[in-house]
Amino acid sequence: MDITNLGTQLKLAIRIQLAGLAMDEMDFTCRFYTYTDKYIDITRDEMVVDNGCYIAVVDTRWLSEGELWLRTTAVVPDEDAGGTRTEISTIRTGIHLKK
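Chains are numbered independently. Their residues run from 1 in the order of the written sequence. Only residues with pLDDT of 70 or above have their local features reported here, since the model is predicted, and side-chain atom pairs are shown and tallied only from 80 upward, although totals for entire chains, interfaces and linings are computed over all residues. Heavy atoms from the whole structure form the basis of all side-chain values; hydrogens and water molecules are not counted.

### A word on the environment of Leu 70
- Topologically, Leu 70 is positioned in strand S7 (residues 66-78).
- Working definition: with a 1.4 Å probe on protein chains only, accessible area under 20% of the residue-type maximum means buried, over 50% means exposed, and in between means partly exposed. You can call Leu 70 buried: its relative accessible area is 8%.
- Separated by 68 residues in the primary sequence, Leu 70 and Asp 2 have C-alpha atoms spaced 15 Å apart.
- In this view, Leu 70 contacts Ile 14, Cys 30, Arg 31, Phe 32, Tyr 33, Ser 89, Thr 90, Ile 91 and Thr 93; residues no more than four positions away in its chain are not counted. Numbering of helices and strands runs from the N terminus, with a helix taken as a DSSP run of H or I at least four residues long and a strand as a DSSP run of E at least two residues long. Note on definitions: a residue-residue contact is assigned when non-hydrogen atoms from the two residues lie within 4.5 Å.

### As for the sheet that holds strand S6 (residues 53-59)
- Whether two strands pair comes down to DSSP finding at least two bridges between them. Read across the sheet, three strands follow the order S2-S6-S5 without closing on themselves; strand pairing throughout is antiparallel. Edge positions in the open sheet fall to strand S2 (9-14) and strand S5 (48-50), since each of these has one partner strand only. The average undirected angle you get between the axes of adjacent strands in this sheet is 30°.
- Pairing between S2 and S6: six bridges, direction antiparallel. Across the sheet, residue Gln 9 finds its bridge partner in S6, namely Asp 59. Between N-to-C directions, angles span 0 to 180 degrees; the directions come from axes that are lines fitted to C-alpha atoms, helices contributing only their stretch in contact.

### Let's talk about the packing of aromatic side chains
- By convention, a stacked pair of Phe, Tyr or Trp rings (six-membered ring in the case of Trp) has centres within 6.5 Å and planes under 30 degrees apart, an edge-to-face pair has planes over 60 apart, and any other such pair is tilted. Per the stated rule, a full pass over the model turns up three aromatic pairs.
- Taking the centre distance of 5.7 Å and the plane angle of 85° together, the rings of Tyr 33 and Tyr 35 count as edge-to-face.
- Residue Tyr 35 is classed as exposed on the basis of its relative accessible area, which comes to 63%.
- Three or more aromatic residues joined by ring pairs make a cluster, and in this case those are Tyr 33, Tyr 35 and Trp 69.
- The ring centre of Tyr 39 lies 3.7 Å from the NZ or CZ of Arg 31, which sits over that ring. Criterion for a charge above a ring: Lys NZ or Arg CZ within 6 Å of the ring centre, and within 35 degrees of the ring normal.

### Thoughts on the sheet that holds strand S1 (residues 2-5)
- Strands sit in the order S1-S8-S7-S3-S4 across an open sheet of five strands; the sheet is mixed. Both edges of this open sheet fall to S1 and strand S4 (39-43), since each of them pairs with a single strand only. Sheet twist, expressed as the average angle between the axes of neighbouring strands with direction ignored, equals 30°.
- Both S1 and strand S8 (residues 83-98) contribute to a ladder of four bridges, which runs parallel. Across the sheet, residue Thr 4 finds its bridge partner in S8, namely Leu 97.

### Details of the environment of Leu 12
- The topology assignment puts Leu 12 in strand S2.
- For Leu 12 and Met 47, which are 35 residues apart along the polypeptide, the C-alpha to C-alpha distance reads 9.9 Å.
- Ignoring sequence-local partners within four residues, the contact set of Leu 12 consists of Phe 32, Tyr 54, Ile 55, Ala 56, Val 58, Leu 68 and Ile 95.

### Some points on the side chain of Arg 44
- Of note, Arg 44 is situated in the loop between S4 and S5.
- Side-chain polar atoms of Arg 44 contact the backbone oxygen of Met 26, separated by 2.6 Å.
- Beyond its immediate stretch of four places on either side in the chain, Arg 44 contacts Met 23, Asp 24, Glu 25, Met 26, Asp 27, Phe 28 and Tyr 54. Two N or O atoms count as a polar contact when they lie within 3.5 Å, although within protein this holds only if one can serve as hydrogen donor and the other as acceptor, and sequence-adjacent residues are included solely when both atoms are side-chain atoms.

Shown next, in the form of structure tokens:
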């Protein structure tokens, strides 16, 4: 587990693989949080794009101590579901924030 101090800006590469779609073919939001009431939502449009790779810049000064989690919510095209469907995935980043 990597440990980083609160107040650090993390640059995290985001990769979503759903139904053979490219990431620019879906809307998505990434929520970075520890288990408190503090979180940061970053939309696809707010991310830096570098050669097709989406990079989320997370300013950890707005978060609390603890393990950093990522919840991704993607809205993907799906004719069988009436046009779109929502996919939600939650993962541990392996990053622990401390003061």
